[in-house]
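# Fold and geometry: a report
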Amino acid sequence: MGKKFNLAVVGATGAVGEAMLSILAERKFPVDKIYALASSRSVGKKVAFGNRWLKVEALDEFDFSQVEVALFSAGNDISKVSVPKAVDAGCAVIDNTPCFRYEADVPLVVPEVNPGAIADYYHRGIIANPNCSTIQMMVALKPIYDAVGILRINVCTYQAVSGSGKEGIEELAMQTANLLNMKSVDTDAYPKQIAFNVLPQIDAFQENGYTREEMKLVLETRKILDDDTILVNPTAVRVPVFYGHSEALHIETHKKITAEEARTLLTQAPGVTVIDERCDGGYPTAVTDSVGKDATFVGRIREDISHPCGLDMWVVSDNVRKGAALNSVQIAEILVKDYL
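One structure accompanies this document, and this report is about it. All values reported here derive from a predicted model rather than from experimental measurement. The numbers attached to residues start from 1 for each chain and follow its sequence in the written order. With the structure being a predicted model, the display of local features is reserved for residues of pLDDT at least 70 and the display and counting of side-chain atom pairs for 80 or more, all residues being used for whole-chain, interface and lining totals. Note that the side-chain values use all heavy atoms of the structure and ignore hydrogens as well as water.

Our next topic: the overall build of the protein chain. The way it works is that DSSP assigns letters per residue, a run of H or I at least four long becomes a helix, a run of E at least two long becomes a strand, and they are numbered from the N terminus. Helix and strand counts for the protein chain stand at eight helices and 14 strands. Taking 20 Å as the expected radius of gyration for a compact globule of 340 residues, we find that the protein chain reaches 20 Å, a close match to that expectation. By principal-axis analysis of the C-alpha atoms, the protein chain measures approximately 60 × 55 × 40 Å. The buried label goes to any residue with under 20% of its type's maximum accessible area, the exposed label to any with over 50%, and the partly exposed label to all in between, with areas taken from a 1.4 Å probe on protein chains only. Split into buried and exposed, the 340 residues of the protein chain put 52% on the buried side. Accessible surface is estimated by sampling points in the Shrake-Rupley manner with a 1.4 Å probe; for residues, cover comes only from the protein chains shown. Accessible area of the protein chain: about 15,300 Å², with a carbon and sulfur share of 51%. Within this scheme the basic residues Lys and Arg register as positive and the acidic residues Asp and Glu register as negative, but His and the chain ends are omitted. We put the charge of a Lys on NZ, of an Arg on CZ, of an Asp on CG and of a Glu on CD. Counting 34 positive and 44 negative side-chain charges, the protein chain places the averaged centre of each group 4 Å from the other. Note on method: radius of gyration uses C-alpha positions; expected globular size equals 2.2 Å times residues raised to 0.38.

Written as structure tokens, this is what we have:
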């Protein structure tokens with residue numbers, strides 16, 4: 001019997017925290033003791049871990065010296081305060097917020113893309129989980145990048161409301177119900193109505209006219225691939241879908257690659273499922289294919305008719321699962337197997 005580890009899941013009552021607990025149980029992570037942590041207002045609630053229930057404990061009062069690994073998904077402000085405390089107590093942290101992603105001595109990891117970077121966690125005791133839209137894009141593009149290099153990525157994301165947490169899910173549900181019953185709607189989680197609408201804004205606008213979500217795609221792609229020459233031009237859009245992000249990718253490669261060659265590479269790539277038939281419905285969608293699944297799905301693979309080294313594809317993935325919880329658990333699996 002292999003070694004077992006004590007774990008803490010921080011933000012255990014949120015959508016991602018619940019998914020982390022579910023996936024840890026499902027994948028039979030070598031857990032000895034597991035602690036569900038959240039803010040004081042959630043203390044005493046119960047969350048599922050496999051076929052048992054865990055009582056939620058207060059993050060502020062928790063002694064992290066009791067655990068070897070902590071998975072954080074409780075928001076940037078909480079990570080800023082609590083992650084250093086956990087590390088000081090001797091705990092390795094996998095953080096699912098933007099808090100540490102751009103710090104040079106903190107690895108930013110997608111296990112199918114740059115698992116070797118996990119070795120660098122010892123600098124700070126922290127491994128950062130990338131943004132959900134970056135993760136699925138990296139899983140899909142890594143085999144192409146390795147084969148022919150990528151000069152430029154044009155990406156439009158179509159992101160589900162669960163990317164905003166439970167508030168986004170509730171707002172879409174409430175607005176949809178009200179509109180179908182001929183009632184007016186309130187907007188709170190988003191600046192404009194999200195039901196039956198499309199919002200070309202995710203997160204705050206930056207000085208350059210891009211939003212913070214869009215700039216995550218630029219900065220994280222460069223860091224994960226360790227390539228500051230790669231050009232990324234993103235547009236991030238919120239759509240009235242509950243779960244599953246979609247992306248239209250238009251890339252320019254250093255050397256020509258045919259659609260057939262790309263399809264073959266992607267079919268063999270870890271974490272990728274190709275659904276690419278040139279017929280009605282012969283492509284993946286967020287709702288019908290990605291929800292509740294581990295894979296990143298790729299379809300609509302075609303050569304760009306406007307560029308000699310252009311390739312286009314459509315990528316969907318469950319943003320809460322692969323885009324957050326599963327990616328964190330995969331990092332933890334490698335961490336405990338190879339480094340702890």
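By the element assignment, serine 162 lies in the loop between strand 9 (150-159) and helix 4 (166-180). Serine 162 sits in the buried class, given a relative accessible area of 6%. In terms of polar contacts, serine 162 uses its side chain to reach the backbone carbonyl oxygen of phenylalanine 242, at 2.6 Å. A polar contact of 3.0 Å, which involves the side chain of serine 162, links it to the side chain of asparagine 319. By definition in these notes, contact holds between two residues if any of their heavy atoms fall within 4.5 Å. Once residues within four sequence positions are removed from consideration, serine 162 is found in contact with Ile169, Phe242, Tyr243, Asn319 and Val320. Polar contacts here mean pairs of N or O atoms no more than 3.5 Å apart (in protein, one a potential hydrogen donor and the other a potential acceptor; neighbouring residues in sequence count only if both atoms are side-chain atoms).

Attention now goes to the sheet that holds strand 6 (residues 69-72). Spatially, the six strands line up as an open sheet ordered 5-2-1-6-7-8, and their pairing is parallel. Every other strand in the sheet has two partners, leaving strand 5 (57-58) and strand 8 (126-128) as the edge strands with one partner each. Strands were regarded as paired on the criterion that DSSP finds at least two bridges between them. The pairing of strand 1 (residues 5-10) with strand 6 spans four bridges and is parallel. By the bridge assignment for strand 6, valine 9 is matched with leucine 71. Contacting strand 1, strand 2 (31-38) and strand 6, helix 1 (residues 15-26) crosses the sheet at an angle of about 155 degrees to strand 1. Set on the sheet, helix 2 (residues 76-88) makes contact with strand 6, strand 7 (92-95) and strand 8; between it and strand 7 the angle comes to about 155 degrees. Here an axis means a line fitted to C-alpha atoms, over the contact stretch when the element is a helix, while the angle between two N-to-C directions is reported on a 0 to 180 degree scale.

Next up on the list: the environment of arginine 41. If you trace the backbone, arginine 41 turns up in the loop between strand 2 and strand 3 (46-49). Sequence spacing of arginine 41 and lysine 192 is 151 residues, and the spatial spacing of their C-alpha atoms is 29 Å.

Time to look at the packing of helix 3 (residues 132-148) against helix 8 (residues 321-338). Interhelical geometry of helix 3 versus helix 8 gives an angle of 85 degrees and a closest axis separation of 8 Å. Taken as axis vectors, helix 3 and helix 8 run roughly perpendicular relative to one another. Contacts between helix 3 and helix 8 involve Cys132, Ile135 and Val139 from the former and Lys322, Gly323 and Asn327 from the latter. Only Asp, Glu, Lys and Arg are considered charged, only Ala, Val, Leu, Ile, Met, Phe, Trp, Tyr, Cys and Pro nonpolar, and every remaining residue, Gly among them, polar. Partitioning the contact of helix 3 with helix 8 into residue classes produces three nonpolar, two polar and one charged. Any angle that is under 35 degrees is reported as roughly parallel, and any over 145 degrees as roughly antiparallel; angles of 65 to 115 degrees are reported as roughly perpendicular and all others as oblique.

Most often, soluble globular proteins keep nonpolar side chains buried together rather than apart. Grouped together as the largest cluster of nonpolar side chains are 52 residues, with contacts concentrated most on Phe64, Ile144, Ile153 and Met313. Tallying contributions element by element places helix 3 first for this core, with eight residues. In contact with isoleucine 153, other than residues within four places in its own chain, are Met137, Leu141, Thr221, Ile230, Leu231, Val232, Asn233, Leu249, His250 and Ile251. Formed by 37 residues, the second largest nonpolar core is a distinct cluster that contains Leu7, Leu24, Tyr121 and Ala332. Buried Ala, Val, Leu, Ile, Met, Phe, Trp, Tyr and Cys residues that are joined via side-chain atoms within 4.5 Å together make up what is termed a nonpolar core.

Here the focus is a negative patch on the surface. On the surface, Glu167, Glu170, Asp186 and Asp188 cluster together to form a negatively charged patch. Along the chain, the position of glutamate 167 falls in helix 4. Each patch is assembled from residues with relative accessible area greater than 30% and no salt bridge, linking like charges that lie within 9 Å and nonpolar side chains (Val, Leu, Ile, Met, Phe, Trp, Tyr) that lie within 5 Å. In what follows, salt bridge is the name for a side-chain nitrogen of Lys or Arg lying within 4 Å of a carboxyl oxygen of Asp or Glu.

Our next topic: the pairing of strand 13 (residues 296-303). It is a general feature of regular strands that their side chains alternate between the two faces of the sheet. Relative to strand 13, strand 12 (residues 272-274) is paired through three bridges, and the arrangement is parallel. Among the inter-strand pairings, valine 274 is bridged to a residue of strand 13, identified as valine 298. In the sheet, strand 13 pairs with strand 14 (residues 310-317) via five bridges, with the strands oriented antiparallel. The partner of glutamate 303 across the bridge, within strand 14, is leucine 311. Between strand 13 and strand 14, which pair antiparallel and follow one another directly, the connecting turn spans six residues.

What follows covers the pattern of salt bridges. According to the stated counting rule, one finds 17 salt bridges in the structure shown. Measuring nitrogen to oxygen at the nearest pair gives 2.7 Å for the salt bridge that ties lysine 142 to aspartate 146. Taken together, the positions of lysine 142 and aspartate 146, both in helix 3 and four residues apart, correspond to about one turn of that helix. In this structure lysine 142 comes out as buried when scored by relative accessible area, which is 18%. The partner of glutamate 303 in a salt bridge is lysine 256, and the shortest N-O contact between them spans 3.0 Å. Here the residue glutamate 303 occupies a position in strand 13, and lysine 256 occupies one in the loop between strand 11 (245-253) and helix 6 (259-268), the gap between them amounting to 47 residues.

The alternating pattern of strand 3 places Val47 and Phe49 on a buried face, while none of Lys46 and Ala48, on the opposite face, is buried. Of the pairings in the sheet, the one linking strand 3 to strand 4 (residues 52-55) comprises four bridges and is antiparallel in character. Considered in strand 4, the bridge of phenylalanine 49 is made with arginine 52. Linking strand 3 back to strand 4 in an antiparallel pair, the connection comprises two residues, with glycine 50 at a positive phi of about 65 degrees.

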